[in-house]
Each structure stands twice: as C-alpha cells, then as structure tokens.
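Here are the chains, one letter per residue:
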Amino acid sequence: MTDADVAEQYQHKENTELIISYVLEEKKELILKTDVKDMLDIEALKKELGDSNVTSNNEKLETTVTLNKANTNSFKLFVNNKKPFQLSVLKTNGENIFDYELNQPEKYSGEVSEIDDTADDANEAGWTFAEHLRVSEGPIKEYSDGTSTRPYLYFGDYNYAIRRASISDSYEPSGKSRVNNLTAAGSAILYAEKGSRILDGPTAPGNHIFTDHYGDNQKGDYDASEIINMGLSPLGIEDRPNGSPRTFVSNDLFNYVVSSDGNGVPGTSGPNKLGQSYSMLDTPKFYYRTNPQTGLEEQKMVFKQKAYFVDKKHRPNPELTTTIKLSFNKMGRVVTNIKFKNTGKELFKNFIGFSNHDLSLNEDDKEVTDAKGRRIGNYLKLRTLGNGRGMYMQSEDNRVRTSYFTNQTNGPDAWAARSSSSSHIATKGYSYNPGLIGVVALRERYYPWKIGKPKDSGFPLYIPTKYHNKKTKHFVSPYVPDHLFNAFNDQYDAGDSRRTDDAGGRLGAAEDESTWDAGLTMRTAPQDLSVGKTVEMEYTSQIDVRGKTFSPVIQLDLNGTDDNPQILPISQSELPLTGMWYDFDSTDVTMYYSIDSENPEDFKVLFDAKQSEKEATVGKHHEIKGQKISLNDFKENKHKIRFYMKDKEGNISNLKEHVIKFKKPATVEPQISVVSPGSTRNEPYNPMMHKMTLEGYWNDKDSEQIKSISYTIDSHEEKTISENLDNPKLGESNPWKIEDLDIKNCNDFDVHTLEMRIVDTEDHIGSDFFYFCHVAGNLILTAPEEIDFGTISVSPTTESMAQPKIDEGKVILDDYREKDSNPISISLSMSKFYQEETENHNDEDNGDDSGSSNDPDRRSIDPDRKYLLHDVYWKNKRVNSRDIIIGKSTGKTGDEWEYTTDFTKRILKNLKIGFRAGTTGSPNGKYVSHWTWQTVDSVK
C-alpha cells in the first residue's frame, strides 16, 4: 500500500510549511505536482532529502522525490503562501493520492465591509475587518461615593488588546501553544477611585483594571513560583499566566481523527494545538462594529477547523466554522454568543461545542491579594446563582465578584463549575489499553471527562496523595475531588445546570471540602450537525468591584427582547416575576417597574426588601419570588416592561427591559404576525444592509389549507413566499421565515411599511405590518489586506519604479452619513519597507523566545534589520509618504442612505514607488510596509 497525507501545516511569513507523511511500497518515490509553476521550494527540499533524491520536470510541473531515509515516514515541504494553487501527490504510476488547494481567496462581497461568509442572516452586517485587536468600552456607571466603573470587552489577554497587538503576532507560536489565545472571550471592569476620572482610561492615577480569567492581565505573576508549580510538574511557557492560555472555545472534531475508546466521551482538542487542521486551519479573522440597538461597539472572531487538511475518498472530513461574538447588553453586561456552523460537505455526527474557562480574579496585572499580599483570586469556592441561572465566584475579602449567567434563550445545554484544561492539547476522551495477560489494564479519561482524584489513601493510614496539598487544602491543578469530574461524566451529564436551590450554595462539593483550580465548562447538546446548520450557545457575564458604596444588582428570569419577545396567549392576565438581587452596602431596597414608558413618573413600586448588614457585607443573593405584574390593561400587540432597583442611599441599578407580545388568537380569518425583528411605527427597525430576515407565526381556526402568504413594501408589487400550505392542527401556530429579503430599492432615510398578508382557501385575509427605516451612520473604509509591488532589483543610487497590484479586495468608502454631509478625502500613510524575517518550524525547537527580553512576547524592531529606501509618486509627482491624499468623495448630496466610492482604479493608475537599497544593504527577500488608511473630513 502506498499512501500520503498532509499531517501538519505551519504558516510562516515567507512561506507555508507542510509536513507530508507517507507509507510506501517497494518503490520509495512520490510525485509532487502543481498547477502553477514555481510553487515549491525545491532548494529546501533538496537540502532535506538530498540533491539526488529530488528531480524536477518543469514542463509537467512535477517533482519526483525519492524517500529512502531510514526510520522516518515524513518530510517537510515549503510552498508559496501567496498565490492560489493546487498541490497533487501521485504514485509513480500516475495514480492520484490526494489534491490539496492552498492560498484560496475568500469570496469578496461589496455588500459587506470585508469578507464575512459566516453571517447567518441579514442582521449580521456592517462589520469592519481589522488586523489589530482592540478594547471596546461599555456604559459608565457612577456611584454616590464618587467612584465609577466601566466594562470592557476584547479577545485574548487584555494586555495585548489594549496595546492593539496584531492578530498575526498573537497567532505566532509560543512554546507548544500560541502567544495570545484569540478564542478567549475576555472582559474587564475599569474602576476609578474617588477623585479619579474614568474617561482618562486605565493608565490614569487611581484607575484600576479587574479581569476574571487566568492569564488575562496577569503578567505580573508570570514568574511566580506558587503559580508555576500549581500542577504536578512546573508549567511551561505555554501555560504561564500570559495570553489567556486556558480559556478557549472547542469541540469534539478531534474524535474524527482519534476515536475515543468509550461511548459518550468523545475526544477533544484545544484551538491552539500547533500545525493541526482540527485545531485551526488558518489565522482567525477579527471584526468589529457598532451595535445598532445599543450604540456600543461589539467584536467577533471567526476561525475554521477541519478534521484533515486533505479530502480523501472514504474518509469523513467535516469542516466547522466558529464565530464568537462579544457584545454589551443594555444592562452593561458582556454577552458572549458562540455559533458553530457546519461549512463542510458532509454530516458532522455527534457534534458537541464547548466553552472552557480558567477563572482567576486579577487586578492591575496580578491576581488579587489581601492586605498581607496573599493571593485570594483563585482556588475559590464556586457558587450557584440560584435556580439554574449560572454561577459566581468572589474573592475572599468580598471585594471582587464575577458572575456567569447561563439561563439565556440560547444558553448552554449543560455547564459545570469545576476545573480547566490547556488550549494546546488534544486527547481521545477515554483511553483503554488492556495490557498483557496478568497486567492490570490501563484506563484514563481526559478533559472534559476527567475523573477526580482522592486527597488521601483512605482508611486506615490516610496518606496524602500527590493530587492534594494538605497544607493549603487545595487540589493540584487541574484535579478535583474523587467524586467529581473536571467537567462532566459524559456528554449527557448535566453538571450543575439543574441545580434549583437558592443562590449561594457551593457547587460540586460540601462547604468544608478542599478547593481546586477554579474553572467553568459549558457545552451544547450532542447532536448530528447537517451541512449548513448552525448550533448556538450564549451566556452573559459581569464583574463587580465593591467600593465604599454600591448600586443594587438585579437579575430577572425574563429574556424577552425587541427581536425575540416573550410570546403570551391573549388570555394571560398576569406576568409572574422571579429572579434575584444583591447589594454590597445597603440594607433597604425598592424595585420599580413601568410598562411602555421611560418617564420616571410612570414607574410604580413593585416591592420593598431588606437585608442585614452582615448579608450586605458579603453581597448575599436574595430570591425574588411570588411577584406578579397585571396585564389586564395591555392585551394588544407588543409591550416593553422596564425594571430598576433603588437602595435607600439613592444608588440605582442598571435598567432591565423585558419585551412581551400577545399571540393573536386563531379565528375563521387567518392570522399572521411578524415577531422578529421588533418594530413599531414609532420605533421602526434599523436594517444594517440591503437585506433583512423576518420571521413570525401564522394560524387559522378552521381552514385545512392556506392559499398563500405574501408581502408588499410600500404598497408596491406583491411577492408570494408560500402557496398551498397545509394547516395540520387547526388553531395552532405555525412558523414562517423570509431570509435575505431584498430592500435595495429602499436605499434612503424614509420609513417604509412592509405588509405581510395571508389568504386561506375561503379567501379570508389576515395581515400584519412591519416598519423599517435606515438611520444615519458612520463611514466605513475598506482596504485590501495585501498590495503587491512585485519583484524588483534595487541599487543605492538608482530608483526602481514599481506600481501596485491588487489581487483581492478593493479600496472602498461606504458613506452612511446624513444628507448634505461634507465630502470625505482618503489619506494614505506608509511606513518603511522592512525585510520580513524567515521563521521555519523546527520539531526540536519549543518556540521559547523568553530569553530575548523581560517581556517574552513583546515584539520590537531590530535596529540592524534590513530595509528599502523609497520615494512615493502620485500622478508622477513626488509626495510625502506620510500623508498622501488619494481622492475625495463627492459628499452626500442626494437622499441615499448608502453611498459608495471606489478608489481602487485611481490608486492602481496614479500610485508609483521608487525603491533604492538601504544604507546597510538590501539582500534578497520580502520587504513589507505597514499602511494606514484614514478618512479626512473636507470642507465644501
């Protein structure tokens, strides 16, 4: 049998490295064929295999390799990482073993500011692609003692996000993992002391940053021996407290590669296992935008995975695209939404998605400490938020608390407040080795199914085990007590998600049991994921910092929104209200509510409550039970109920909104209702692009069939979406949905009316109305990720002129501002062209660059690094490379909502660069310049 495969793949700046594994019969040769010339690094191949073992046929674009090295079954192949091409590996008789496409461009869409093929509906639009991380700011909360707080959201480690580290630098290897974990959904709270200004940001005197994940804003603990030695062996650089290394999103795709030896405990892999397709196929894509409902910035990270790099017959090879979106809700909490989409060509059997968290409360670059300097932010007791709402953890001095609310509309199927794992390992779930006759079989389970360990040998000696520290009463990381699992027993285990007791109870263990390295794991329900199908998981988190005063916090078990309201029968006269509240300082609070009004005078008292000073000190959670709101005066359409709590010192909680919608009762006339997105004539829906998705329900009391469902926009042409629908259960509601409804003809700022119409076989007609209106927005400037100037020869004295080439993308300005806005100029600034450094993967090199400086991951420019001198010409005139005006839009003179100006052609026509060798020489290689595109407001 002769076979070959792409076993590993590594992206470098200069090329892509493939590890080709093989099994050969008698003839120890393979043929490497490409459909584009000069895609393989033949010199590197000869260096590895020997000159006589590499033969190229340039006419056929084939290279024959002889693989006669003893004790090896793989070789390295370096290939071009820029041009799209196909690599085929063949047997010597010409029989194809596999085809592998590399550097394939993503589809470009002028409707979206950058490529985003993960948007599942039209509401996911308006995102801007970015190469650099960023921190997004939430609403400011001010307290009566003069302090204030502001939540942040970001991906990875706060330290990288705040300094705008690049995605590519974060993706670089660090030991066995990556520099900065890009799948870690991060959040922080900025706390400003009395007399400090929160608007001055995190570095201002008196301002402090608090985070809640291990290795997130914790580099001050990087060399702390107590943390390095918290496991059975010292932590490597990949698991040190830097780059959020142990908080990540994962799934069970690895089980297709290495099957588990047990049922219901599939194998899993972290996203940072280097070189593997089942961890990440390529560098993740990062986007941000302003949320149209909250007006606050949100972010998302998108990455792809595949069981194997290469498709082969009779070998299942599912592909998955994961989108992690971070947003603020109206209460200022961070909402994390994770979508797992089957973007491959085949069914993904028994799919399970995971969200894994290694928790640690940190302040200003270190784990929080008490007055004596003792660490009190990890190895804490994990507690329930009550009635399945989620979990919380707070520091031993009760100063910092983090809460995870899981009872969302798309909340996890199960969650467990246990321990954690590393983002760079892949395990088979359950391993069974029967061993030899007379030898005990080896059985082992791995995260998230790992079995807990005993703290001692038991009766009669009670000798401590290596898994438990008797002095500190801590289990060694990542172990938990022997009656637990470090997440779940199997894929059907509910973990802690079915706990129905009141808030405050300890999760997983008795109150006096030893603690463990704190973590949280959430999972989706196990299910077969068909092609194109998406599984969603969502949770909300909040970090509290107690000052001298504190505002009450409320959590209600009501999740109705404008786009997803709670549907109630028309007969319902009361809305039951449950939830919980807490306050870290006040003993008396009052809950208020209003219906369909933001006027403070319209809020009514719902209830009063008290707590003791002792309960206030620890921020005790109090259940809200037995409360009801009368709905007798509100029986039509949609309503918004608002809640807030006020303590006796005058501090007010964040406002909670809940939207309800009464279901139209079935009658002899058919009924149809638009449920999502939410809209009214006074508050029309704001679409973010030229299409939108609508959904709702219909019913009919007596007709067994519906003749048609249709819609019109502004009483224009009627368009039918369904005909001859069966009504199998008379009087019951049936869902309908219109995906990607085209509204290009509504490219203005007017309020438009869409009428949904339903007709039954008796020609009875029902209808509902939906209102939408574009609102003035911002400018979105899109530029290609790469602009190529080709291959040139340079000298110190003579300029080599080159013009740009753009293979993918365009330079486009989308203008969403109001009518009569000023014209906009586009400026370009370019830095020096530095030579890129070549980084080849070496199996014997662990990637440790910590010896280079005190900061192992901070990149700096080598003063001896080679560069090119350059002069920039625009329309054949020399210009300043720091401020090139490449063009100007005409301004918003018409009624259009979206006005697009394409600057691509004028750049290709007018821009030239003259290159010369640098003063220290310019050897062969690739030279790269960082370009900054900016918009400049122009006076008419």
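Quantities reported herein were computed from a predicted structural model and do not represent experimental measurements.

Colleague: Before we go on, may I ask you to explain the overall build of the protein chain in this structure?
Modeller: Secondary structure summary: the protein chain contains six helices and 64 strands in total. Projected onto its principal axes, the C-alpha coordinates of the protein chain cover approximately 90 × 85 × 65 Å. Counting all 940 residues of the protein chain, 55% fall into the buried class. Across the protein chain, the fraction of contacts at a sequence separation of at least 24, relative to all contacts at a separation of at least 6, is 72%. Counting every atom, the protein chain has about 42,300 Å² of accessible surface; 45% of that belongs to carbon and sulfur. Across the protein chain, the mean location of the 116 positive side-chain charges is 3 Å away from that of the 147 negative side-chain charges.

Colleague: What is the right way to read the sheet that holds strand β43 (residues 622-630) from this model?
Modeller: Sheet strands pair by backbone hydrogen bonding; their relative direction is either parallel or antiparallel. Pairing is antiparallel in the open sheet, where three strands are placed in the order β38-β40-β43. What marks the edges here is a single partner per strand, and that holds for β38 (553-556) and β43. Pairs of neighbouring strands in the sheet enclose a mean axial angle of 30 degrees, with direction left out of account. In this structure, strand β40 (residues 574-582) lies alongside β43, joined through seven bridges in antiparallel fashion. Residue pairing in the sheet places Pro576 in a bridge with Lys628 of β43.

Colleague: Is there a simple way to think about the confidence of the model for the protein chain in this case?
Modeller: Do not read the predicted coordinates in detail wherever pLDDT is low. Of the residues in the protein chain, 94% reach a pLDDT of 70 or more, and the chain-wide mean stands at 90. This stretch, residues 838-861, has a pLDDT under 50; its non-local contacts, to residues over four places away or in other chains, come to 40 contacts.

Colleague: So what exactly am I meant to see when it comes to unusual backbone geometry here?
Modeller: Leaving glycine aside, a negative phi is the common case for residues, and trans is the common case for peptide bonds. The step from Phe459 to Pro460 runs through a cis peptide bond, and the omega angle for that step is 10 degrees. Residue placement: Pro460 occurs in the loop between β32 (442-445) and β33 (468-469). Of note, the bond from Ser477 into Pro478 is cis; its omega dihedral lies within 30 degrees of zero at 5 degrees. Within the fold, Pro478 resides in the loop between β34 (474-475) and β35 (519-523). Phi is positive for Asp365, which is not a glycine, with a value near 85 degrees. Among the structural elements, Asp365 can be located in the loop between β24 (353-363) and β25 (366-367). Of note, Asn398 is a non-glycine position whose phi angle comes to about 65 degrees, a positive value. Within the secondary structure, Asn398 is located in the loop between β27 (390-394) and β28 (400-405). For Asn398, a relative accessible area of 16% puts it in the buried group.

Colleague: Help me understand the packing of aromatic side chains, please; the structure alone is not making it clear to me.
Modeller: What characterises a pair of aromatic rings is the spacing of the ring centres plus the angle enclosed by the ring planes. Counted under the stated rule, the structure contains 28 aromatic pairs. An angle of 10 degrees between the planes, with centres 6.4 Å apart, marks the rings of Tyr152 and Tyr158 as stacked. Taken together, Phe789, Phe833, Phe915, Trp931 and Trp933 form an aromatic cluster joined through their ring pairs. The ring of Tyr288 has Arg134 sitting right over it, with the charged end atom 3.7 Å from the ring centre. Above the plane of the ring of Tyr287 lies Lys300, whose end atom (NZ or CZ) is 5.5 Å from the centre.

Colleague: Help me understand a positive patch on the surface, please; the structure alone is not making it clear to me.
Modeller: On the surface, a cluster of positive charge is contributed by Lys875, Lys877, Arg906 and Lys909. Examined against the element boundaries, Arg906 turns out to sit in helix α6 (residues 904-910).

Colleague: What am I meant to see in the nonpolar core here?
Modeller: In this structure, Leu133, Tyr152 and Met391 are the most contacted members of the largest nonpolar core, which totals 71 residues. With six residues, the single largest contributor to this core is strand β15 (residues 185-192). One finds Val6, Ile20, Leu32 and Val79 within the second-largest nonpolar core, a separate group that totals 29 residues.

Colleague: Would you mind showing me how to read the layout of surface pockets here?
Modeller: Its boundaries defined by the atoms lining it, the second largest pocket holds a volume of some 1,800 Å³. Around the second largest pocket sit 49 residues that line it, and Asn410, Glu538, Thr561, Asp563 and Asn564 are the ones nearest its centre. Those elements that place two or more of their residues in the lining of the second largest pocket are β21 (319-328), β22 (334-342), β37 (534-545), β38, β45 (656-662), β46 (671-676), β47 (691-699) and β50 (734-742).

Colleague: Teacher, can you tell me more about the side chain of Asn272 here?
Modeller: Here Asn272 shows up in the loop between β18 (268-269) and β19 (285-290). Apart from residues lying up to four places away in sequence, Asn272 is in contact with Lys176, Ser177, Arg178, Asn181, Ser279, Ser423 and His424.

Colleague: Would you mind showing me how to read the pattern of salt bridges here?
Modeller: A side chain with one charge can pair with a side chain of the opposite charge if their charged atoms come near. Taken as a whole and assessed by the stated rule, the structure comprises 47 salt bridges. In this structure, Asp768 engages Lys664 in a salt bridge whose closest nitrogen and oxygen atoms are separated by 3.9 Å. Linking Asp768 in strand β52 (residues 765-772) with Lys664 in the loop between β45 and β46, this pair joins segments that are 104 residues apart in sequence. Between Asp871 and Arg916 there is a salt bridge whose closest N-O contact spans 3.5 Å. Placement of Asp871 in strand β58 (residues 867-874) and of Arg916 in strand β62 (residues 911-917) is noted, with a sequence separation of 45 residues between them. For Asp871, a relative accessible area of 10% corresponds to the buried category. Each of the salt bridges in this network shares a partner with another, and the network as a whole consists of Lys330, Asp562, Glu598, Lys640, Arg642 and Glu657.

Colleague: It is not clear to me how the sheet that holds strand β64 (residues 931-937) should be interpreted in this structure. Could you clarify?
Modeller: What the three strands build is an open sheet, ordered β60-β56-β64; its pairing is antiparallel. Edge positions in the open sheet fall to β60 (884-888) and β64, since each of these has one partner strand only. Averaged over all pairs of adjacent strands, the angle between their axes in this sheet comes to 25 degrees, without regard to strand direction. Pairing geometry for strand β56 (residues 824-830) and β64, over seven bridges, is antiparallel. The residue of β64 that forms the bridge with Ser827 is Gln934.

Colleague: Sorry if this is basic, but what is going on with helix α1 (residues 42-49) here?
Modeller: Since the α-helix advances by 3.6 residues per turn, residues separated by three or four positions end up pointing in the same direction. Residues of α1 that are buried: Ile42, Leu45 and Leu49. In a view along the axis of α1, the buried residues occupy a sector of 60 degrees, so they form one face of it. Residues Glu43 and Lys47 are exposed on α1 and point more than 90 degrees away from its buried face. In the core, the buried residues of α1 are packed alongside β3 (29-34), β4 (54-57), β5 (62-66) and β6 (74-79). Of the residues flanking the start of α1, the one acting as N-cap is Asp41, its side-chain oxygen 3.4 Å from the backbone nitrogen of Glu43. Directly after α1, the chain includes Gly50, whose backbone phi takes a positive value near 100 degrees.

Colleague: Just checking my understanding: could you explain the side chain of Asp700 for this structure?
Modeller: One can find Asp700 in the loop between β47 and β48 (705-713). Among buried Asp, Glu, Lys and Arg side chains, Asp700 stands out as unpaired, with Lys701 the closest opposite charge at 9.4 Å. At 2.9 Å, the side chain of Asp700 forms a polar contact with the backbone nitrogen of Ser703. In contact with Asp700, other than residues within four places in its own chain, are Ala666, Thr667, Val668, Glu669, Pro670, Ile706, Asn727, Leu730, Gly731 and Asp760.

Colleague: Would you take a moment to explain the state of the cysteines for this structure?
Modeller: What is meant by a disulfide is a covalent connection between two cysteines, made through their sulfur atoms. Applying the stated criterion to the full structure yields zero disulfides. In this structure Cys746 is not part of a disulfide, and its nearest cysteine sulfur, from Cys773, lies 10 Å away.

Colleague: I'm lost on the pairing of β48 in this one. Help?
Modeller: Within a regular beta strand, the side chains point alternately toward one face of the sheet and then the other, so they alternate between its two faces. Where burial is concerned, most of β48 is hidden: seven out of the nine residues are buried. Pairing analysis gives six bridges linking β48 to strand β49 (residues 719-726), with the strands arranged antiparallel. Bridging across to β49, Gln705 finds its partner in Asp726. Bridge count for β48 against strand β51 (residues 752-760) is seven bridges, and the pairing is antiparallel. Across the sheet, Ile709 pairs through a bridge with Ile758, a residue of β51.

Criteria and thresholds
Residues numbered from 1 in each chain as written. Predicted model: local features only at pLDDT ≥ 70, side-chain atom pairs only at ≥ 80, totals over all residues. Heavy atoms only, no water. Helix = DSSP H or I, 4+ residues; strand = E, 2+ residues; numbered from the N terminus. Buried < 20%, exposed > 50% of the residue type's maximum accessible area, 1.4 Å probe, protein only. Contact = heavy atoms within 4.5 Å. Areas by Shrake-Rupley, 256 points an atom, 1.4 Å probe, with all protein chains shown as cover. Lys, Arg positive; Asp, Glu negative; His and termini not counted. Charge placed at Lys NZ, Arg CZ, Asp CG, Glu CD. Pairing = 2+ DSSP bridges. Axes fitted to C-alpha atoms, helices over the stretch in contact; angles between N-to-C directions. pLDDT = per-residue confidence, 0-100. Phe/Tyr/Trp six-rings, centres within 6.5 Å; stacked < 30°, edge-to-face > 60°. Lys NZ or Arg CZ within 6 Å of the ring centre and 35° of its normal. Patch = residues over 30% accessible without salt bridge, like charges linked within 9 Å, V, L, I, M, F, W, Y side chains within 5 Å. Salt bridge = Lys/Arg side-chain N within 4 Å of Asp/Glu carboxyl O. Core = buried A, V, L, I, M, F, W, Y, C linked by side-chain atoms within 4.5 Å. 1 Å grid on protein atoms, 1.4 Å probe; cavity = no way out; pocket = protein on both sides within 12 Å on 5 of 7 lines; lining within 4 Å. Points joined across faces, edges and corners; volume = space filled by probe spheres on them. Arc of directions from axis to C-beta. Polar contact = N/O pair within 3.5 Å; in protein donor to acceptor, adjacent residues only side chain to side chain. Disulfide = S-S within 2.5 Å.

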